[in-house]
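# Fold and geometry: a report
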Amino acid sequence: MAIVSSGPQGQDRRGAAPAAAAPVAARGRLVDPAAAAEELQAPVLREDTLRPRRLADYIGQSELKQVLGIAVEATRARDEALDHVLLYGPPGLGKTTMALVLAEELGVRCRITSAPALERPRDIVGLLVNLQPRELLFIDEIHRLNRVAEELLYPAMEDFRLDLMVGKGSTARTRSLPIAPFTLVGATTRAGALSSPLRDRFGLIQRLEFYGLEDLQAIVLRAAGLLDVRLDGEAALEVARRCRGTPRIANRLLRRVRDVASVQGRERVTAELVHEALSLHRVDGRGLDAHDRRLLTLMLEAYGGGPVGLETLAAGLGEDPATLEAVVEPYLLQQGLLQRTPRGRLLTAAGRAHLECP
Ligand code: ADE
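Report follows, based on the coordinates. What you see is a predicted model; the values in this text were computed from it and never measured. (Residues numbered from 1 in each chain as written. Predicted model: local features only at pLDDT ≥ 70, side-chain atom pairs only at ≥ 80, totals over all residues. Heavy atoms only, no water.)

## Description of the site of the ligand
As a reminder, the rule being used: For this purpose, a residue is taken to be near a molecule or strand whenever a single non-hydrogen atom of the residue falls within 4 Å of it. A 3.5 Å cut-off defines polar contacts: any pair of N or O atoms within that distance qualifies, except that in protein one atom must be a possible hydrogen donor and the other a possible acceptor, and neighbouring residues in sequence count only when both atoms are side-chain atoms. Residue burial considers only the protein chains on display, and all accessible areas are found by Shrake-Rupley using a 1.4 Å probe. Segments assigned H or I by DSSP are reported as helices when at least four residues long, segments assigned E as strands when at least two residues long, and all are numbered from the N terminus.
Within the structure, the ligand sits among Leu50, Pro52, Asp57, Tyr58, Ile59, Tyr211, Ile219, Arg222, Pro247 and Asn251. Backbone polar atom of Ile59 to a nitrogen atom of the ligand: 2.8 Å apart, as the coordinates give it. With respect to the ligand, the side chain of Tyr211 contributes an N or O atom lying 3.3 Å from a nitrogen atom. Taken by itself the ligand offers 260 Å² of open surface, and the protein chains cover 94% of this. Contributions of two or more residues to the shell around the ligand are made by helix 7 (213-227) and helix 9 (247-263).

## Quick notes on the nonpolar core
Let me state the cut-off plainly: What is meant by a nonpolar core is a set of buried Ala, Val, Leu, Ile, Met, Phe, Trp, Tyr and Cys residues, joined one to another through side-chain atoms within 4.5 Å. Only protein chains enter the accessibility calculation, which uses a 1.4 Å probe; a residue whose area is less than 20% of its type maximum is buried, one above 50% is exposed, and one in between is partly exposed. Here, two residues are considered to be in contact whenever any of their heavy atoms come within 4.5 Å of each other.
Formed by 56 residues in total, the largest nonpolar core has its most connected members in Met98, Leu231 and Val269. Leu231 has contacts with Val220, Leu221, Ala224, Ala236, Leu254 and Val269, leaving out every residue within four places of it along the chain. Ranked by size, the runner-up nonpolar core spans 26 residues in total, among them Leu137, Ile139, Ala156 and Leu198.

## Remarks on helix 4 (residues 121-129)
Taken as a whole, helix 4 has its buried residues at Asp123, Ile124, Val125, Gly126, Leu127 and Leu128. Buried residues belonging to helix 4 abut strand 2 (110-114), strand 3 (136-140), helix 5 (147-159) and strand 4 (161-166).

## Concerning unusual backbone geometry
Cis geometry marks the peptide bond from Gly306 to Pro307, where omega comes out at 10°. Checked against the element boundaries, Pro307 lands in the loop between helix 11 (290-303) and helix 12 (310-317). Even without glycine at this site, Gln61 takes up a positive phi of about 50°. For Gln61, the location among the structural elements is in the loop between helix 1 (37-40) and helix 2 (62-78). In this structure, Asp79 is a non-glycine residue whose phi angle is positive, near 55°.

## Some points on the side chain of Glu329
Position of Glu329 among the secondary structure elements: in helix 13 (residues 321-334). Residue Glu329 is classed as buried on the basis of its relative accessible area, which comes to 1%. The contacts of Glu329, once residues within four sequence positions are left out, are Leu295, Leu310, Leu324, Leu338, Arg340 and Arg345.

## Describing the packing of aromatic side chains
This is how the line gets drawn: Centres within 6.5 Å make a pair out of two Phe, Tyr or Trp rings, where for Trp the six-membered ring is used; the pair is then stacked when the planes are under 30 degrees apart, edge-to-face when over 60, and tilted otherwise. When the NZ atom of lysine or the CZ atom of arginine is within 6 Å of a ring's centre and also within 35 degrees of its normal, the charge is said to sit over that ring.
Applying the stated rule across the entire model yields 1 aromatic pair. An angle of 70° between the planes, with centres 5.8 Å apart, marks the rings of Phe160 and Phe182 as edge-to-face. Placement of the pair is Phe160 in the loop between helix 5 and strand 4 and Phe182 in the loop between strand 5 (173-178) and strand 6 (183-188), with a sequence separation of 22 residues. Residue classification places Phe182 among the buried residues on the basis of a relative accessible area of 0%. Positioned above the aromatic ring of Tyr154, the side-chain terminus of Arg201 is 4.2 Å from the ring centre.

## Remarks on the pattern of salt bridges
Heads up, the condition is: Salt bridge, as used here, is a side-chain nitrogen of Lys or Arg placed within 4 Å of a carboxyl oxygen of Asp or Glu.
Evaluated as defined, the whole model comprises 25 salt bridges. Between Arg76 and Glu105 there is a salt bridge, with the nearest N and O atoms lying 3.9 Å from each other. Placement of Arg76 in helix 2 and of Glu105 in helix 3 (residues 95-106) is noted, with a sequence separation of 29 residues between them. According to the relative accessible area criterion, Arg76 is partly exposed, its value standing at 43%. What makes Glu105 buried here is its relative accessible area of 13%. We note a salt bridge from Glu325 to Arg345, for which the minimum N-O separation is 3.5 Å. Placement of the pair is Glu325 in helix 13 and Arg345 in strand 11 (residues 344-347), with a sequence separation of 20 residues.

## A word on the environment of Leu145
Examined against the element boundaries, Leu145 turns out to sit in the loop between strand 3 and helix 5. The exposure class of Leu145 is buried, given its relative accessible area of 8%. Expressed as a C-alpha distance, the spacing of Leu145 and Glu119, which sit 26 residues apart in the sequence, is 7.9 Å.

## Points about the side chain of Asp292
Considering the arrangement of structural elements, one finds Asp292 in helix 11. In this structure Asp292 comes out as buried when scored by relative accessible area, which is 0%. In this structure the side chain of Asp292 is engaged in a polar contact, spanning 2.9 Å, whose partner is the side chain of Arg244. Of the polar contacts made by the side chain of Asp292, one reaches the backbone nitrogen of Asp289; its length is 2.8 Å. Setting aside residues no more than four positions away along its own chain, Asp292 makes contact with Arg29, Arg244, Gly287, Val328 and Leu332.

## What about the packing of helix 11 against helix 12?
For any two helices packed against each other, the geometry comes down to the angle between their axes and how far apart the axes lie. Here is the rule: Note on geometry: axes are lines fitted to C-alpha atoms, helical ones only across the stretch in contact, with angles between N-to-C directions running from 0 to 180 degrees. Angles below 35 degrees are treated as roughly parallel, those above 145 as roughly antiparallel, those between 65 and 115 as roughly perpendicular, and all remaining angles as oblique. Here the nonpolar group is Ala, Val, Leu, Ile, Met, Phe, Trp, Tyr, Cys and Pro; Asp, Glu, Lys and Arg are the charged ones; every other residue, Gly included, is treated as polar.
Where helix 11 meets helix 12, the axes come as close as 10 Å, and the angle between the chain directions of the two elements is 105°. Between helix 11 and helix 12, the crossing angle belongs to the class labelled roughly perpendicular. Here helix 11 contributes Arg294, Leu295, Leu298, Met299 and Tyr303 to the contact with helix 12, which in turn contributes Thr312, Leu313, Gly316 and Leu317. Considered class by class, the residues forming the contact of helix 11 with helix 12 number 6 nonpolar, 2 polar and 1 charged.

Encoded structure:
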């Protein structure tokens with residue numbers, strides 16, 4: 001069966017394939033929730049040093065932890081593969097981390113890949129036939145799987161079987177190949193974009209939520225300990241306030257604060273130092289950066305606060321409208337600084353107030 005003869009194998013945690021690139025204008029923002037290239041690069045995955053490895057170390061997402069903790073315990077007792085898991089929610093909240101934690105809890109390996117890397121049928125076939133019993137296969141951005149890959153996954157998920165086409169034309173037929181019982185962990189920022197046949201094959205479907213301040217503060221303090229940064233509770237809270245509910249951003253901000261502390265020869269990081277360090281990167285007290293403020297300022301100064309169309313705003317900023325909508329707007333909407341109305345975008349009273357007093 002030529003189809004299984006080769007193909008890139010999914011990489012384990014030290015060689016994670018980078019997720020698809022963020023849109024151009026969004027790259028390089030300190031507050032971009034997508035992982036930056038250097039954060040994904042082998043051999044030292046920068047995020048890896050700070051990732052919790054066990055459920056007990058994973059801060060926040062209490063419902064998710066409870067549900068998955070029960071599933072893991074029950075699965076271990078039955079000595080079976082864990083049911084397939086779909087994790088969805090905004091980027092940077094810990095979907096990959098949770099997949100690695102699950103593997104650790106189950107004592108199995110986790111293969112990591114992303115849908116854009118599974119372009120040819122043999123890519124996914126190669127991964128599936130090489131899985132050992134009860135191993136995890138993590139597919140990031142699973143909503144981007146192509147139809148062929150998706151259809152190969154159906155019998156694989158349901159019956160641990162691959163249905164492969166062999167031969168051509170009138171001699172073409174399907175051959176079934178058994179594979180090891182495994183767990184697919186799918187991750188997506190867009191659960192609604194998944195086809196229902198694929199969604200229906202996941203036994204556990206869980207949403208990750210933005211983190212609250214207290215959890216973020218705890219995450220920052222934990223990361224500071226691991227990075228050997230001496231930082232007090234108030235300073236951790238200042239980082240937490242600026243990270244847009246997202247641990248990945250919190251850890252990135254913390255590294256920038258650490259740089260300033262080390263250059264200034266400061267042994268202890270205070271709230272004032274966090275403020276100073278992050279002001280240097282133009283991240284304000286609520287986690288807005290220059291991109292966000294440019295948008296809000298344009299709305300206020302050129303359009304009296306709106307309503308104004310997305311296309312008009314994008315043209316005024318020299319951004320592409322899709323990027324503005326997908327990357328810049330969500331946090332501003334979530335914070336109530338901006339509203340989407342049928343007549344266009346509207347700057348809220350809170351948005352105006354923030355511009356006066358960032
Ligand atoms: N680092 C990033 N996310 C984390 C989490 N949820 N718990 C602990 N540390 C983290």
